[in-house]
Amino acid sequence: MTMTTAAAAAGQIGRARYGSISRGRRRALFWSYFFLILFVIFFLTPPVYMFITSLKSSAEISAATNPWWVYHPTLSNYIDLLTQNQFLIFFRNSAIVSICVVSITMVVSIFAAFALARMRFWGSATLATGVFLTYLIPESLLFIPLFKTFAYIHDKTGIELINHWWVLIILYPTLTVPFATWLMIGYFSSIPKELDEAALIDGAGYIQMLTRIFIPVAIPGIIAAMIFSFTVSWANFLYPLAFTTSADQLVLPVGIVTTLIRGDVYAWGQIMTGALLGAAPPLIIYAFLMDYYISGLTAGATKG
Amino acid sequence: MAQVALRNIVKMFDRTPAVQGIDLDISDREFIVLVGPSGCGKSTTLRMIAGLEEATSGEIYIGDQLVNDVPPKDRDIAMVFQNYALYPHMTVFENMSFGLRLKKFPKPEIRERVQAAARILDITNLLDRRPKQLSGGQRQRVAMGRAIVRNPKVFLFDEPLSNLDAKLRVQMRTEIKKIHQTVTTTTVYVTHDQVEAMTLADRVVIMNGGRIDQIGSPHEVYHKPRTQFVAGFIGSPTMNFLPCRLVENGAGLTVRLSDWLALPVPPSREARYRPRVGQEMIFGLRPEHIREGRGDMPPGSAAFDARLDVVEPMGMETMVYFIVDGVEVCGRVDPAAAGNVGESMRLVADLNQMHLIDPRTEVVI
Amino acid sequence: MADVVARDIRIPARSGQLSLHKFARRKSTIAFLMALPLIAIIACLVIYPAFYSIHLASLNKSMTKFVGFGNFEFLFRRNTFWMVVEQSLLFAITAVIFKAVVGFIVAHFVHNLPSQGQRKWRGMLLIPWVIPPAMSTLAWLWLFDPSYSAFNWVFTHLGIPQVAWLGNPYWARFCVILVNIWVGSPFFMIMYLAALKSVPEQLHEAAAIDGANWFQKIWYINLPMMRNIIQITALFSLIVTFANFDIVKILTNGGPVDQTHVFATWAFTLAIWGNDIPLGASVSLFMAPILAIAAFFILRNVRRRGNEA
Ligand SMILES: Nc1ncnc2c1ncn2[C@@H]1O[C@H](COP(=O)(O)OP(=O)(O)OP(=O)(O)O)[C@@H](O)[C@H]1O
Ligand SMILES: [Mg+2]
């Protein structure tokens, strides 16, 4: 008798608490969504505002209407930019530089990472640490001596390295190679050692081991490293600003900033359109390959 | 097909020795199992045969050829790893044929060989799958298929079954045995599971601390262990070891285990033990040789009463534990005859199976 | 028969094959060659310039004369230099703290969501990190525009006085930090989210059974478990923020009257526009000690993580 009442009471308490747990969870969920929406508004305001402005004519931009709304949407900014020779040159320069940098980076870093992760040689452990440290050296520390060195090379050999877009192909690997190598070392180290031993017994040499086992197995890491190299070389601003000046030698970010801002006259409609188009390639890649992007981001900072 | 010989093999990792002088002759078509506790150098020995580690000193022969300086791919061996090491981006067919493709075998022959191996292993329907789509046992078969396809001189296995669950392990064990009967390639098999060792091996090699303690057939290592280590390692539950004193008493020799327990040495052993009379020794007897007291007493056995400390029913039999001078002793008895904890029970020790061990050298006399 | 076969094999084996030892030596030679392009890039384009900039910093403006610490003495006497030091530190420290806090909070909110929905939110919240900073800073510049600021339009409608965003030194600093936070906090969010996912759910359940509330769970379980990642991320971000160039360059270009310059932008102005490369190099070298300290701690943390794993 007493036992049954106790059990019933316990059941009631249990049920009551159960209810409160789910109610508490629902409340937590509500507040999570509430604050996340606020943060998303904060995070997405600039790109959305870019897009809004890009659809406006200059007249509408300078009118005192609601800046957050487009009353007379027009594609004229897009048409202007995309038919403008200069903008297409920026785009071409950026594209060639990025593709070349990605290719160079991947070749250099895959070979180096394989050597460092698997083959070992005298000083290889130090080199691996060194790679990580050079990745931490920012370009704002290097551009002055590099600038001076390039000027010096010109004085001595007559090869003009400054004010050519292709010089960026030499410069950007300083930013991409250490990180990509670091990332690839991490991915290669996570491949079980038995796999190379099996390949060794099967009769593979080191190059075959790399091309037929490691590269296919590490494809996700390679994609992450490629995305990273592309994003970095597409987005860099300091090097092209310091090393290129003529309008036909500029890449996209610098081109938009320096040619669309003429003195104090800002063609905001075109600037925002240009910025949006300049942001488009990384955004598109991100939209399709988000998981690789994120895995590269988190692995790069933490893998030892 | 080939024999394998190791001559005084030593392996040092930096300064620490992993293998300290191993001599081993493996004849053609033999199935050799290396067993021993973790870290005793089994894998290192196997990897030296494979060429994945370089021997610090000593000589390794495969066939008649000295292979110390031969890289793994030219040793004509095949190895099966504990985690299978299947290439994750290749299908089963590609995995099995990888070695042949690297050696530029003609396509039809590759297909033929893979098919033949797949038939032996019963994996013909899996050839287009990737390792991810296979169960543990299937992966195990593919790993063996990869070895068989190459038709090597020697198979090397490094704990190939330890990633499988208990039931599958037993099944695959039988399978490996069958395959060896079909393919009859010289095999070196590493395991730390003594049941695997006993069931598979033509000869068992028991390693301890980088050395070989004993080489012998499963029957030999069970019945005639050379050292205390081997005696304790083989058999489950492990052999009981008790400090004792060998004494002479009128009728013959007796092993004094404690104030209340002394067991007579059977006449067949007297000659062997007589020189040790009066010495402190270690007495060894397997649990299966301590049974319940029945009506008849076979010659060479002795009955005694013991107070049971722990009783563990296992179904087919019951383990009983009692204490002799602070040392727990285990016996295996018929469940029907087993007493209760705290009660005294009559037990019979089969002393024809006893061992005496010299405590200083740890060698079985 | 077997003997014949064995002998047949033995002959090429003995004469033609490399010994294992030579094999190993050749292996390390191949490995070195494979790493050579990397070594060349690091040596020529990172190590050499880093040391060259020390040399440059010791020359006079026309780079004809060695002046030792002359450039540094000159800098120490200039007010602008001390302002740049102060601002760089202020920017970096404030921005990193806020990025970490925002990232931590947002990561927890995202982690709270049912797992099917997380991907979508994570995807939206990382967008600021994906847009090239130069491009997004342009959007901020337009949002802060003195005559058409979209923020001021909202303020006017809410009855709040307008703000001279980039015209007033204090507001300009605020804007630079704000944009910095906007760009950087998604990175923290992603890192923290990854760390949160690695905290075993049983720990939270165990803590709940022990009677811990929501805040105690974060304080006693999440924070300690994530400590290493929090440190590594913050140090990484400290380096990136401290050496940041794009945001200040585009948003204020150091103005009004040098009130928002940081090391990178001031060095750029001096070296490339002012044509005083040695002075620019001296300024940029002041970043080195802070970067070195941060790098040291990152390396230590990463190593420790490696050991734990
Ligand atoms: N690469 C290595 N470097 C240094 N020491 C090693 C290395 N490989 C093995 N050892 C050491 O050599 C000894 C023998 O190792 P081995 O792997 O042969 O043991 P094992 O008998 O296979 O053990 P297990 O049953 O755990 O696999 C161990 O003490 C181990 O720590
Ligand atoms: Mg082992």
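A quick note: this is a predicted structure, and the numbers were derived from the prediction, not measured. For every chain, the first residue of the written sequence is number 1, and numbering continues from 1 onward in sequence order. Numbering of ligands from 1 and lettering of chains from A proceed in the order in which they are written. Side-chain atom pairs in this predicted model are given and counted only at pLDDT of 80 or more, local residue features only at pLDDT of at least 70, and totals for whole chains, interfaces and linings cover all residues. Computation of side-chain values: all heavy atoms of the structure, hydrogens and water removed.

Engineer: When you look at the site of ligand 1 in this model, what are you seeing that I'm missing?
Structural biologist: Residue and element names in this part refer to chain B. We call a residue near a molecule or strand as soon as one heavy atom of that residue lies within 4 Å of the molecule or strand. Taken together, the residues surrounding ligand 1 are F13, A18, S38, G39, C40, G41, K42, S43, T44 and E159. Note on areas: Shrake-Rupley, 1.4 Å probe, and residue coverage restricted to the protein chains presented here. Coverage of ligand 1 by the protein chains reaches 57% of its 630 Å² of free accessible surface. The secondary structure listing takes helices from DSSP runs of H or I that are at least 4 residues long and strands from runs of E that are at least 2 residues long, numbered from the N terminus. Top contributing element to the shell around ligand 1 by residue count: helix α1 (residues 42-50), with 3 residues. Residue composition of the shell around ligand 1, grouped by class: 3 nonpolar, 5 polar and 2 charged. Three classes are used: nonpolar for Ala, Val, Leu, Ile, Met, Phe, Trp, Tyr, Cys and Pro, charged for Asp, Glu, Lys and Arg, and polar for all others, with Gly counted as polar.

Engineer: It is not clear to me how the state of the cysteines should be interpreted in this structure. Could you clarify?
Structural biologist: A covalent bond between the sulfur atoms of two cysteines is what we call a disulfide. The disulfide criterion used throughout: a pair of cysteine sulfur atoms within 2.5 Å. Going through the model one piece at a time under the given rule, you end up with 0 disulfides over all chains. Left unpaired, C44 of chain C is separated from the closest cysteine sulfur, that of C100 of chain A, by 19 Å. For the exposure calls, accessible area comes from a 1.4 Å probe over protein chains only, and a residue counts as buried if that area is under 20% of its type's maximum, exposed if over 50%, partly exposed in between. Of the residues examined, C44 of chain C reaches a relative accessible area of 48% and is grouped as partly exposed.

Engineer: Which parts of the structure should I look at to understand the packing of helix α13 (residues 263-273) of chain C against helix α14 (residues 277-285) of chain C?
Structural biologist: Angle between the axes and distance between the axes are the two parameters that describe a pair of packed helices. Residue and element names in this part refer to chain C. Only the stretch in contact is used when fitting a helix axis, every axis being a line fitted to C-alpha atoms; angles between N-to-C directions are given from 0 to 180 degrees. Packing of α13 against α14 brings their axes to within 7 Å, and their N-to-C directions diverge by 170°. Looking at the two axes, α13 sits roughly antiparallel to α14. Of α14, the residues touching α13 (which contributes F263, W266, A267, L270 and A271) are I277, L279, G280, V283 and S284. Here the contact of α13 with α14 is built from residues that sort into 8 nonpolar, 2 polar and no charged. Any angle from 65 to 115 degrees is called roughly perpendicular, while one under 35 is roughly parallel, one over 145 is roughly antiparallel, and all others are oblique. Pairs of residues are marked as contacts when any of their non-hydrogen atoms sit within 4.5 Å.

Engineer: Help me understand helix α6 (residues 139-157) of chain A in this model?
Structural biologist: An α-helical turn contains 3.6 residues, so any two residues separated by three or four positions project in the same direction. Residues and elements named next belong to chain A. Expected helix span is given by 1.5 Å per residue-to-residue step, counting one fewer step than there are residues. Between its terminal C-alpha atoms α6 stretches 25 Å, which fits the 27 Å expected from 19 residues at 1.5 Å a residue. What α6 keeps buried is the set E139, S140, L141, L142, F143, I144, P145, L146, F147, K148, T149 and F150. Looking at the residues trailing α6, positive phi occurs at G158, about 80°.

Engineer: Teacher, can you tell me more about the domain arrangement of chain C here?
Structural biologist: The accessible area lost on association of the parts is a frequent measure of interface size. All names here are of chain C. Along its sequence, chain C is organised into domain 1 (1-57) and domain 2 (70-308). The domain limits used here are those given by an automatic or database domain assignment. With centres defined by C-alpha atoms, the gap from domain 1 to domain 2 works out at 43 Å. Opposite the 4 residues of domain 1 that make contact, domain 2 presents 7 residues. Throughout, the accessible surface (probe 1.4 Å) given up by two parts as they are put together, summed over both, is called the buried area. In this assembly, domain 1 packs against domain 2 so that about 400 Å² is buried in total across both faces, 69% of it on carbon and sulfur atoms. When the buried area of domain 1 at its contact with domain 2 is split by residue, S53, L56 and A57 rank highest and sum to 90% of it. Each salt bridge in this description consists of a side-chain nitrogen of Lys or Arg and a carboxyl oxygen of Asp or Glu lying within 4 Å of one another. Summed over the shared surface of domain 1 and domain 2, the result is 0 salt bridges.

Engineer: Is there a simple way to think about the packing of aromatic side chains in this case?
Structural biologist: Remark: the centre distance and the inter-plane angle together describe each pair of aromatic rings, the angle taken between the planes. Aromatic rings from Phe, Tyr and Trp, taking only the six-membered ring of Trp, are treated as a pair when their centres fall within 6.5 Å; an angle between ring planes under 30 degrees marks them as stacked, one over 60 as edge-to-face, and anything in between as tilted. For the structure shown, the criterion picks out 67 aromatic pairs over all chains. Aromatic pair W140 of chain C and W182 of chain C: ring centres 5.6 Å apart, planes at 80°, arrangement edge-to-face. Of this pair, W140 of chain C sits in helix α7 (residues 133-143) while W182 of chain C sits in helix α9 (residues 169-197), and the two are 42 residues apart along the sequence. For the pair W140 of chain C and W182 of chain C, a shared accessibility class is recorded, and that class is buried. Against the face of Y222 of chain B rests R286 of chain B, its NZ or CZ located 4.2 Å from the ring centre. Any Lys NZ or Arg CZ that is within 6 Å of a ring centre and within 35 degrees of that ring's normal is treated as a charge sitting over the ring. Lying over the aromatic face of W273 of chain C, K249 of chain C brings its terminal NZ or CZ to 3.7 Å of the ring centre.

Engineer: Which parts of the structure should I look at to understand the packing of helix α10 (residues 201-209) of chain C against helix α11 (residues 214-242) of chain C?
Structural biologist: All names here are of chain C. It is at 10 Å that the axes of α10 and α11 come closest, and there the two elements cross at 155°. Classified by the angle between their axes, α10 and α11 sit roughly antiparallel to one another. Seen from above, α10 lies across α11 with right-handed handedness. Contacts between α10 and α11 involve L203, H204, A207 and A208 from the first element and K217, I221, N222 and M225 from the second. Here the residues of the contact of α10 with α11 are counted per class, giving 5 nonpolar, 2 polar and 1 charged. For any helix crossing, the convention is left-handed if the near helix is rotated counterclockwise from the far helix by under a right angle, and right-handed if that rotation is clockwise.

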